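# Per-entry structural report
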Amino acid sequence: MNKTMFSKTKLASAILLTLGAGLPAYAAQQQTAASAAEEKVEVIEIKGIRGSLIRSMDIKREANGVVDAISAEEMGKFPDTNLAESLQRITGVSVSRANGEGSQITVRGFGPDFNLVTLNGRQMPGTGYTRSYSLENLSSEGVSALEVYKTARASNPSGGLGATVNIITSRPLQKPGLHASATAKAIYDSSNEIGDDVTPELATVLSSTMFDDKVGLALSLSHQERDFQKQQANVQGWQANVALPTLAADKVKDARPVGADGKPTGNYYFAKDMNYSIEDVQRERSNGQLTLQVRPIDAFTATIDYTASRAITGSQSIGWGIWNEFGGNINGYELDANGTALYADISGNDGSFTASKGTTEVKAASVGVNFDWQVYDALQLTLDYHDSDNKADNGADKGLGSQGQVILGSDQLLRKVYDYRSGEIPQALVYWKNGTTTLNPGEIDSNFSQFIHSPGKAEIQQWQLDGKWDNDFFKFPLTDVGFGIARTDQTMGGQQGWSGLRGGPGFNPAYPQIFPDAMFIRHSTANFLDQFAGGGNNLQPNYYYSYDFDEAVARQLAFLTKAVMGADEYSIDPYIDGIDSESYVNEVTDSVYLQGRFDFTLKDIPLQLNLGLRYEETSVDSTVRQRVETQVNWESPSEWITQYQQGGTANFLAQEGKHDVLLPMFDLKAELREDLVGRFSYGKSITRAPLGFLAGGRSLSGSPKPDARSGSQGNTNLLPFESTNLDLSLEYYYAEGSYAAVGYFRKDVDNFIQTTITQTTIEGLRDILNGPRYKKAVADLAARGEQATSSAIYAQMLANGNGNAQGKIEPAADDPLMVWQISQPANTDSKAVDGFEVAFQHLLGETGFGLGANATFVQGDVEFDVMSLSQQAPLTGLSDSANMQLFYEKDGLSVKVTYAWRDSYLIGVGQAQGSSDAPPQFAETFGQWDLSVNYDILPELTVFLEGINLNNETERGYGRFEEQFLFARQYGPRVALGVRYRLE
C-alpha cells in the first residue's frame, strides 16, 4: 500500500468549523489553528495486483449495462506488457496472435472487425487498410485502464457489434502532485538465432501539476526491441474433387464410404503445395504521449493531447517446398474416410528454395482537443475534436522499397511425395532426375522473383459535442439526461505495385550458371519445428539450402538484363508497369443521441433504468483504379501471367452508397441485496462492412494458374451488420475484491455478409488450357506412351510450334474463354449467437493470496458446415475461451501465474490456393502459461521477472478437417528481467 496526502478542501474546512461552533473554546481555537495550517488528511490507496482487481471490480459493479475493465496496478505498470493479452483476462475476450504475441481481440465470438477501439472515447482508425486495430503496436505504460462495453450504449460511437474497447490514458489533473515511473527491462527470446539474444525495453511516465493544481502535464515514452525467429510449415490451400487418373489398384487407397455401385462416395481433397520456412524477425516499437491540461476555474478544464506510435518490423526468411498440379500426373494416392489425401505421389512441376526480405512500418498519430465545462451545477458540456491516422507501409526497407521474394530451384524432378500419414507435420520428399532426393547446388536455377509494395492508410477526423443535465428540478425519478451530436469523417485507402514474375519465369529458359555453388549453404532440419511430432531430424526432406537474398538479387540484375530477357528483364521495381491497383473508401457518419437515467425503488429493491436512442446516417464513396486485362500467357510449365493494357490515363471507377440506422438501448440494474446485483439489457449495435468489400470495381489474379483463376468485385451499397442484443446477468459481491458472476447473452445479427463466388467469362480473355493446341499436345504424348504432366504438355506445345519468339505460349482465337471464379459480397440472411459467461474472483483475506477465473461458452447457427461445398457465410472467431490467474502479494513480493485458453475457431473463409468452394481455415486449441514476479527492494524500487509462453505452446491450423493441414508455427518462450522506479 502507498500513502498519499491530500489537502483538505475549503468546503470541508467550513463544515468542520460549523460543527465545532458548540465545542468548548479551546477546541474551537485548535480547530481554527488547524484550518489555518491547512490540515493534512491521510488517504490510503491500494496498489498492486490487489488494487487493480478491486478497481476493476468496482467499475463492473457501478456500471450501467455489462461492462468489464482492467486497471493499472500502479503508475506505469499494467497487468500485461501487451494490451491485447491484458484484455484476454476479461470474460468473453480472446485474442488472435501475430508473431507470438496478442494482436487483435475477439469478443463473444465476434472477431477483430466487429469490435471498436476508442482512445479516451475517440474512435481510432484501423491499422492500415482495415477497420481492426492492432493492439500490439500500443504500449501499456501510459494506460491507466481498459474498459470493455459489451452492451449497447447510446453515447458510444457505433461499430462495436461485439464490444467497444475504450483505452483510458492518465490525466494529470485527476491525480495532483508529482508522480513518475521509470522502467528498464532486458528481454530474452529463446527462439532468436541471428539477432540479439537480449533486447531492451525502456519506459517512463511523468505526471505533474503546478500553479495550485490549475495546470497539469503528463508525458509517457516507451521503446521496445525484440528479435526472434518464427518456424513454420504451411499448405496454401486444398483443392476439392480434382481430376483423377485411372490407376492400378495397388496405387490407390480410398477409405471413403462405398455406395451401392461399389465405388467410393463423397468429396475428396488434395493439397496444392507444401512449404516450410524459417523467418528471422527484428521488431522495434516506440510510443509517446503528451498531455497538457489547464483548469483556470473549477468549472472548466481544457485538455490537449498528442499520441504517437511507431512499430517497425524487419524480416528475412528462407523457405523450401513443392507445388502441385493435378490430373494425369498423379501416380498414386491415399484418401481417409473424409476424402482427405494423406498421401499423394505426383509428377511434374518443381521444387524450390525461397528467400524473402522486407520491412513493414506502422505509424499512428492522434492529436485531440477537449473542453469540459460545468455550465452550472446541473449542466455539463464537453466538446471534443481529434485528428488521427494510422499508416502501414511494407516498403520501409530503404534499399528495396518493397517486400521481395526470390525463388530458386529446379523443375528437373521425376516426382514428389506429400505424406501426412504420421506425425503432426506433413512430409514433402522430392525425387530428382539426378537419382537422389537431394538437389545439388549446381542444379539450382532461377524460377522467378517478385516485389510487392502495398501501403495503406486510415484517417479519422471526428468532433463530438456531449452534454449531461442533472435533474434537480422535476419531482420524478429522472436522475439525468445525456445528449450529443457528432460527425466522423473516415478515409481508408491503399495501393499496390507488383513487379510481376521476374527472371524467367519458371526455369524457361534456364540460367543455373548465374549462381555459384558456394552461394548455397546446406542445413539440417534437426532444430526445425522440433516441438512437433515429425519435425526436427524426422522431417523429410531433412535438409534445406539458405542463400543471401541480396546476392541472389544482384546476380540476376547483372545477368538477366533487357538485352537477354526482353520484356522479362529482371527488376526489383514494384511499379515497373505503374500502379497495379488503388482503392479508397470515404465514410462520413453524422450521429445524434439521447439517453436518460432513472433511479427508483420497487418493493424495497433499488432500480436503475437507462434508456437511450442513437441515430446515424452514413454516406460511402468508393474510388478504385481499374486495370484492363488483355490476355493470359502460359510462360512456363507452372506459370500463367495476366497481361494488361499499357499506357493511357488511369481508369478510375467511382461509386456511392448510403445507409442509416436507429439504435435503441435499454439497461435495467437491480440491487437485489446489498451484495447482489442483477442486470437486464437490450439494445442494437452495428459493425460496418469490411473495407475491401466496400471498394467497388473488379480485379483479376495476375498469376491465374489452373485451379487458381480468381478475381474479386466490391459492393459499395453493403448494409452494416446489425445486431439485436439481449443480456441477463447476476453478480454476487460477497467481500472486498471478491465476486462471482454469471451471464447469458444473445445476438441476432441481420444483414449478414456472404461472399458469393460465381463462374464468369470475360470477353477477349481466352484459355490455352484445353484448347485445340493443348489437346493435340496431350494426344501426342499419349501416342508415345508418355505421362501428360504440365511440363511435358508445355514442352510438346513448343515442339509443335505453338510458342512465340520468346518461347511463351499466347492464347489463340479458337481457344475457349477462360472461366474465372469471381467473388462478390452481398447482404444475406440473419444469424444468431448466444452463450454464457461465468467469472469468479476471490481474495483470501489478508493472506496475500488470490485467484480469478472466467470462462465463456458460445454457440450459434453461424458455424461452417465442413461437409458442404456450397458457399457459406459463417462467423469467424467463434469459440469457447477461459482464463485463470493465481497470485500472491504481500510484504513487497508479488507472484502471478496466468493461463489463457481458447478452443479451436474459424479464422476465415477462403484459402490462398483453395478451390472455388471457398474452403475454411481453422485454428486449433491454444493454451499459454505466463508468469510475473515482482519484489520491492525499496518502497520506490522494484525488480521483476516476466515469463511469457513458458509452456512453449505452438500454433496449428487446418482446413475442413484436422487432416487437411494448413500451418504449424513455433516461436519459443520469452523471459524479461527488469527494474522499476516510482516517485509518488
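Residues numbered from 1 in each chain as written. Predicted model: local features only at pLDDT ≥ 70, side-chain atom pairs only at ≥ 80, totals over all residues. Heavy atoms only, no water.

## Digging into the side chain of Arg-688
Position of Arg-688 among the secondary structure elements: in the loop between strand 35 (676–687) and helix 7 (691–694). Of note is the side chain of Arg-688, whose polar atom sits 3.1 Å from the side chain of Ser-158. Here Thr-618 takes part through its side chain, which lies 3.0 Å from a polar atom of the side chain of Arg-688. In contact with Arg-688, not counting residues within four places along its chain, are Arg-131, Ser-158, Glu-587, Thr-589, Glu-616, Thr-618, His-659 and Pro-720. (Helix = DSSP H or I, 4+ residues; strand = E, 2+ residues; numbered from the N terminus. Polar contact = N/O pair within 3.5 Å; in protein donor to acceptor, adjacent residues only side chain to side chain. Contact = heavy atoms within 4.5 Å.)

## Considerations on the pairing of strand 31 (residues 605–626)
Note: strand 30 (residues 581–602) against strand 31, 21 bridges, orientation antiparallel. The residue of strand 31 that forms the bridge with Ser-591 is Glu-616. Two successive antiparallel strands, strand 30 and strand 31, enclose a turn made up of two residues, where Lys-603 displays a positive phi of approximately 50°. The sheet contact formed by strand 31 and strand 34 (residues 651–673) spans 20 bridges and is antiparallel. (Pairing = 2+ DSSP bridges.)

## Some points on the pairing of strand 20 (residues 351–376)
Bridging between strand 17 (residues 300–323) and strand 20 involves 23 bridges; their strand directions are antiparallel. Each bridged residue has a counterpart across the sheet, and for Gln-316 the counterpart in strand 20 is Lys-357. Looking at chain direction, strand 20 and strand 22 (residues 403–410) are connected through seven bridges and run antiparallel. Residue pairing across strands places Ala-355 opposite Val-406, the latter belonging to strand 22. Note that strand 20 and strand 21 (residues 379–393) share 15 bridges and pair antiparallel. Its bridge partner being in strand 21, Ser-366 is matched across the sheet by Ser-388. Hairpin connection from strand 20 to strand 21: two residues lie between these consecutive antiparallel strands.

## Section: the packing of helix 8 (residues 772–783) against helix 9 (residues 790–799)
Two elements in contact, helix 8 and helix 9, have axes separated by 9 Å at closest approach and are oriented at 105°. When the axes of helix 8 and helix 9 are compared, the pair comes out roughly perpendicular. Of helix 9, the residues touching helix 8 (which contributes Arg-773, Tyr-774, Ala-777, Val-778, Asp-780 and Leu-781) are Ala-792, Ile-793, Gln-796 and Met-797. Split by residue class, the contact of helix 8 with helix 9 holds seven nonpolar, one polar and two charged. (Axes fitted to C-alpha atoms, helices over the stretch in contact; angles between N-to-C directions. Parallel < 35°, antiparallel > 145°, perpendicular 65-115°, else oblique. Nonpolar A, V, L, I, M, F, W, Y, C, P; charged D, E, K, R; others polar.)

## Description of the environment of Tyr-774
In this structure, Tyr-774 sits in helix 8. Judged by relative accessible area, Tyr-774 falls into the buried class, the value being 13%. In contact with Tyr-774, other than residues within four places in its own chain, are Trp-634, Ile-768, Leu-769, Ile-793 and Met-797. (Buried < 20%, exposed > 50% of the residue type's maximum accessible area, 1.4 Å probe, protein only.)

## Details of the confidence of the model for the protein
Close inspection of predicted coordinates is inappropriate in any region flagged by low pLDDT. Predicted confidence across the protein gives a mean pLDDT of 88, with 94% of residues reaching 70 or more. Below pLDDT 50 for its whole length, residues 1–44 participates in 32 contacts with residues either more than four positions away or in separate chains. (pLDDT = per-residue confidence, 0-100.)

## A look at the sheet that holds strand 9 (residues 163–169)
The strand order across the open sheet built from five strands is 3-8-9-6-7, with neighbouring strands paired in mixed fashion. With one partner strand each, in any of the chains shown, strand 3 (67–71) and strand 7 (122–123) form the two edges of the open sheet. In this sheet, strand 9 lies alongside strand 6 (residues 115–119) in parallel orientation, the contact comprising five bridges. The residue bridging Leu-119 from the neighbouring strand is Ile-167, located in strand 9.

## Overview of the environment of Ala-799
Here Ala-799 shows up in helix 9. The spacing of Ala-799 and Arg-679 is 120 residues in sequence and 78 Å in space, taken between C-alpha atoms.

## Quick word on the sheet that holds strand 19 (residues 341–347)
Consider a sheet: its strands pair through backbone hydrogen bonds, and that pairing is either parallel or antiparallel. Spatial strand order, 14-18-19-23-24: five strands in an open sheet with mixed pairing. The strands lining the two open edges of the sheet, one partner per strand, are strand 14 (252–254) and strand 24 (427–432). Strand-to-strand, the axes of this sheet are offset by a mean angle of 10°, without reference to chain direction. For strand 19 and strand 23 (residues 413–419), the ladder comprises five bridges, and the chain directions are antiparallel. Bridged to Ile-346 within strand 23 is Lys-416.

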